[in-house]
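Each chain, written out:
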There are 2 protein chains.
Amino acid sequence: MDLVDDAPGPAARQDTARSRAGQENVARILDAALDVFATFGFRGSRIEQIAAAAGLSKTNLLYYFRTKEDLYLAVLQRTLDMWLEPLRALDPARDPADALGDYIARKLAASRDEPAASRLFALEVIQGAPIVAPLLEKTLAAIVAETAGTIEGWVEQGKLGPVSPRHLIYSIWATTQHYADFAAQVRAIEGRDLSDPAFFAEACEHVTRTILQGVLPR
Amino acid sequence: MDLVDDAPGPAARQDTARSRAGQENVARILDAALDVFATFGFRGSRIEQIAAAAGLSKTNLLYYFRTKEDLYLAVLQRTLDMWLEPLRALDPARDPADALGDYIARKLAASRDEPAASRLFALEVIQGAPIVAPLLEKTLAAIVAETAGTIEGWVEQGKLGPVSPRHLIYSIWATTQHYADFAAQVRAIEGRDLSDPAFFAEACEHVTRTILQGVLPR
DNA sequence: GCGACTCTTGATCGAACGGTCAAGGGGCGC
DNA sequence: GCGCCCCTTGACCGTTCGATCAAGAGTCGC
């Protein structure tokens with residue numbers, strides 16, 4: 001799950017003891033950095049901009065994170081866990097309609113609650129996943145394999161129609177993440193986004209019904 | 001459809017007469033710029049990198065496009081047309097299954113043939129659509145309104161189940177664009193992408209069947 | 001209240017980058 | 001083959017940005 005080799009050389013300031021104020025600053029920096037990186041990408045983000053968003057001076061930020069890249073990796077690492085969490089595999093013992101419905105709801109809630117994390121991940125992948133590629137090929141591929149196996153089992157038991165498991169997974173990811181990654185577009189058309197409970201319910205109901213009807217046996 | 005006011009001041013070199021070599025250079029620059037911008041975004045892209053990709057010197061590129069922003073706008077403008085084309089409205093007179101199937105196939109083919117255009121557009125929207133926002137609110141919203149009206153008509157005629165037109169549109173966009181925007185992820189899991197005819201057929205069949213089954217009356 | 005830290009700051013550096021300038025090729029029409 | 005104009009180049013400039021440094025302010029334990 002780690003993106004970087006730890007302790008790559010001289011002790012980073014990140015490793016030293018830290019006061020209460022220090023911990024709060026680190027947290028504020030990570031929050032601000034997530035927003036900025038998720039909007040402008042790595043190269044497009046200015047360290048000073050992140051510092052300002054966190055209420056610190058640029059120099060002060062660099063006291064906590066030695067380089068811009070260190071900060072980016074820290075943000076990405078913290079984000080990936082919360083991002084992968086809703087992707088956890090399906091329970092083969094459950095009824096597919098229930099299990100898939102939960103899965104979709106979880107993923108859509110993640111798009112509502114952590115849109116910046118979704119966008120940061122999307123930016124990474126659009127850029128060819130220069131950093132997270134190893135993680136995709138290992139962790140994510142493993143999660144997909146497991147999930148696909150469960151779906152395949154349901155198909156063989158006749159609980160699902162003849163569906164391609166991996167494409168089904170892509171469909172669910174795509175539709176749910178769309179509301180976070182393309183929020184600006186949805187907002188331009190719709191005038192609202194997932195933070196509106198009514199719209200969230202609509203989206204959840206549509207995605208669930210469409211996909212479930214599409215894969216359940218007729 | 002225009003993104004910029006034309007002739008914003010002194011005559012740009014873009015307006016002057018142009019030899020055969022010049023036209024070829026402009027085309028090569030625009031192609032290279034699309035790839036680079038689609039990968040690194042506006043701020044993350046280096047003008048020299050684009051020039052190198054086009055086989056020109058930085059100064060030479062700046063002869064054709066006065067500023068980086070001019071070049072970006074030119075790329076975006078040329079891209080948007082090809083991007084919006086497959087979104088053209090559905091024919092209300094047709095059978096919804098046929099019309100929607102065509103729509104999906106067209107959109108998926110666009111993801112295969114112009115993945116960079118799709119990614120560039122995605123980057124723009126993820127960043128909050130700083131430049132294309134007006135276009136989204138006008139042109140795109142109009143296209144959506146028309147398409148949604150057609151779908152609504154099918155619903156009222158009982159040719160479709162009770163589906164939310166706009167969410168259906170989002171689902172189609174999301175699933176088809178996913179194969180272009182998240183190609184790196186799909187490749188990491190799948191080992192191939194839409195350029196593989198077999199995979200394209202799989203994806204097309206899955207999306208079409210899942211979505212159509214999900215919206216056709218039972 | 002003293003000492004040892006963690007934290008904060010402003011001045012500053014060097015590289016990278018967008019953009020300019022002046023000068024010189026090179027092709028095309030006449 | 002001559003001249004005009006498009007094209008190409010390399011040297012250069014000013015700014016921005018990531019990163020360093022030295023010095024001082026807070027703060028916490030004792």
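Residues numbered from 1 in each chain as written. Chains lettered and ligands numbered in written order. Predicted model: local features only at pLDDT ≥ 70, side-chain atom pairs only at ≥ 80, totals over all residues. Heavy atoms only, no water.

**Student:** Looking at this model, I keep getting lost on the domain arrangement of chain A. Mind explaining?
**Tutor:** The extent of an interface is frequently quoted as the accessible surface area lost upon association of the parts. Residues and elements named next belong to chain A. Domains assigned within chain A are domain 1 (7-66) and domain 2 (75-215). For domain 1 versus domain 2, the distance between C-alpha centres works out to 30 Å. Counting residues at the interface gives nine residues for domain 1, matched by eight residues for domain 2. Interface of domain 1 and domain 2: buried area, both sides summed, is about 790 Å²; carbon and sulfur atoms make up 67% of it. Broken down residue by residue, the surface that domain 1 buries against domain 2 is led by Leu 30, Leu 34 and Ala 38, which jointly contribute 65%. Two residues, Asp 31 and Arg 78, come together in a salt bridge whose shortest N-O distance is 3.0 Å. For the pair domain 1 and domain 2, the number of links is one residue pair in polar contact (both at pLDDT 80 or more). Here the residues of the side of domain 1 that touches domain 2 sort into five nonpolar, two polar and two charged. (Domains from an automatic or database assignment. Contact = heavy atoms within 4.5 Å. Buried area = accessible area lost by both parts, 1.4 Å probe. Salt bridge = Lys/Arg side-chain N within 4 Å of Asp/Glu carboxyl O. Polar contact = N/O pair within 3.5 Å; in protein donor to acceptor, adjacent residues only side chain to side chain. Nonpolar A, V, L, I, M, F, W, Y, C, P; charged D, E, K, R; others polar.)

**Student:** It is not clear to me how helix α5 (residues 96-113) of chain B should be interpreted in this structure. Could you clarify?
**Tutor:** An α-helix turns once per 3.6 residues; consequently, residues spaced three or four apart project the same way. All names here are of chain B. Helix length check: α5, at 18 residues, gives a terminal C-alpha distance of 25 Å against a target of 26 Å (1.5 Å per residue), a fit within 8%. When α5 is considered as a whole, its buried residues turn out to be Pro 96, Ala 99, Leu 100, Gly 101, Tyr 103, Ile 104, Lys 107, Leu 108, Ala 109, Ala 110 and Ser 111. In this structure, the buried residues of α5 make contact with α4 (68-84), α6 (115-126), α7 (133-156), α8 (165-181) and α10 (197-215). (Helix = DSSP H or I, 4+ residues; strand = E, 2+ residues; numbered from the N terminus. Expected span 1.5 Å × (residues − 1). Buried < 20%, exposed > 50% of the residue type's maximum accessible area, 1.4 Å probe, protein only.)

**Student:** It is not clear to me how the packing of helix α8 (residues 165-181) of chain A against helix α9 (residues 183-190) of chain B should be interpreted in this structure. Could you clarify?
**Tutor:** In helix packing, the relevant descriptors are the interaxial angle and the interaxial distance, both defined with respect to the helix axes. Where α8 of chain A meets α9 of chain B, the axes come as close as 12 Å, and the angle between the chain directions of the two elements is 155°. Compared by their axis directions, α8 of chain A and α9 of chain B come out roughly antiparallel. The chirality of how α8 of chain A crosses α9 of chain B is right-handed. For the pair formed by α8 of chain A and α9 of chain B, the contact residues are Arg 166, Tyr 170 and Trp 173 of chain A on the first element and Gln 185, Val 186, Ile 189 and Glu 190 of chain B on the second. The residue makeup of the contact of α8 of chain A with α9 of chain B, split by class, is four nonpolar, one polar and two charged. (Axes fitted to C-alpha atoms, helices over the stretch in contact; angles between N-to-C directions. Parallel < 35°, antiparallel > 145°, perpendicular 65-115°, else oblique. Left-handed = near helix turned anticlockwise from the far one by under 90°.)

**Student:** What exactly am I supposed to notice about helix α4 (residues 68-84) of chain A here?
**Tutor:** The terminal C-alpha atoms of α4 of chain A, which comprises 17 residues, lie 24 Å apart, in line with the 24 Å expected from a rise of 1.5 Å per residue. For α4 of chain A, the complete set of buried residues consists of Leu 71, Tyr 72, Leu 73, Ala 74, Val 75, Leu 76, Thr 79, Leu 80, Trp 83 and Leu 84 of chain A.

**Student:** How should I be thinking about the pattern of salt bridges in this particular structure?
**Tutor:** Side-chain pairs of opposite charge can arise where the charged atoms are in close proximity. In the structure shown here, the tally under the stated rule is 20 salt bridges over all chains. As a salt-bridge pair, Arg 187 of chain B and Asp 193 of chain B come within 2.9 Å of each other at their nearest N and O atoms. Judged by its relative accessible area of 41%, Arg 187 of chain B falls in the partly exposed class. One network of salt bridges, with partners in common, ties together Arg 166 of chain A together with Glu 190, Arg 192, Asp 196 and Glu 202 of chain B.

**Student:** For this particular structure, what's the right way to read unusual backbone geometry?
**Tutor:** Generally, phi is negative for residues other than glycine and the peptide bonds are trans, each holding for most cases. All names here are of chain A. Its identity is not glycine, yet Ala 129 carries a phi of approximately 55°, on the positive side. Among the secondary structure elements, Ala 129 is positioned in the loop between α6 (115-126) and α7 (133-156). Its relative accessible area of 2% is what places Ala 129 among the buried residues.

**Student:** Can you walk me through the packing of aromatic side chains in this structure?
**Tutor:** The way to describe two aromatic rings as a pair is by their centre distance and the angle between their planes. Scanning the entire structure with this criterion turns up 16 aromatic pairs over all chains. When the ring of Tyr 179 of chain A is compared with that of Tyr 170 of chain B, the centres are 6.1 Å apart and the planes differ by 90°; the resulting orientation is edge-to-face. Here Tyr 179 of chain A, found in helix α8, pairs with Tyr 170 of chain B, found in helix α8, and the two come from separate chains. Accessibility expressed as a relative area gives 1% for Tyr 170 of chain B, which makes it buried. Note on Tyr 63 of chain B and Tyr 64 of chain B: the rings are 5.0 Å apart at their centroids and 80° apart in plane angle, and the pair reads as edge-to-face. Note on Tyr 63 of chain B: relative accessible area 43%, which makes it partly exposed. Following the ring pairs from residue to residue traces out a cluster consisting of Tyr 170 and Trp 173 of chain A together with Tyr 179 and Phe 199 of chain B. The ring centre of Phe 40 of chain A lies 4.4 Å from the NZ or CZ of Arg 43 of chain B, which sits over that ring. (Phe/Tyr/Trp six-rings, centres within 6.5 Å; stacked < 30°, edge-to-face > 60°. Lys NZ or Arg CZ within 6 Å of the ring centre and 35° of its normal.)

**Student:** Teacher, can you tell me more about the relation of the copies chain B and chain A here?
**Tutor:** In this structure, two copies of a chain are linked by a rotation about an axis accompanied by a shift along it. Placing chain B over chain A gives an RMSD of 0.1 Å and needs a rotation angle of 180°, together with 0.0 Å of translation along the axis. Both copies are brought into coincidence by an operation consistent with a two-fold rotation axis. When the interface residues of chain B are mapped onto chain A, 100% of them again lie at the interface, so the same face is used by both copies. (Least-squares fit on C-alpha atoms with pLDDT ≥ 70 in both.)

**Student:** Would you mind showing me how to read the protein's contact with DNA strand C here?
**Tutor:** Of all residues adjacent to DNA strand C, which total 19 residues, the nearest are Asn 25, Thr 59 and Tyr 64 of chain A together with Arg 46 and Lys 68 of chain B. Across the atoms of DNA strand C situated within 4 Å of the protein, the share located in sugar and phosphate is 56%. Within the side chain of Tyr 64 of chain A, one N or O atom sits 3.0 Å away from a phosphate oxygen of DNA strand C. Within the backbone of Lys 68 of chain B, an N or O atom sits 2.7 Å from a phosphate oxygen of DNA strand C. Counting residues per element, the surface near DNA strand C draws most heavily on helix α3 (residues 58-64) of chain A, at four residues. Residues of the surface near DNA strand C, tallied by class, amount to four nonpolar, nine polar and six charged. (Near = heavy atom within 4 Å.)

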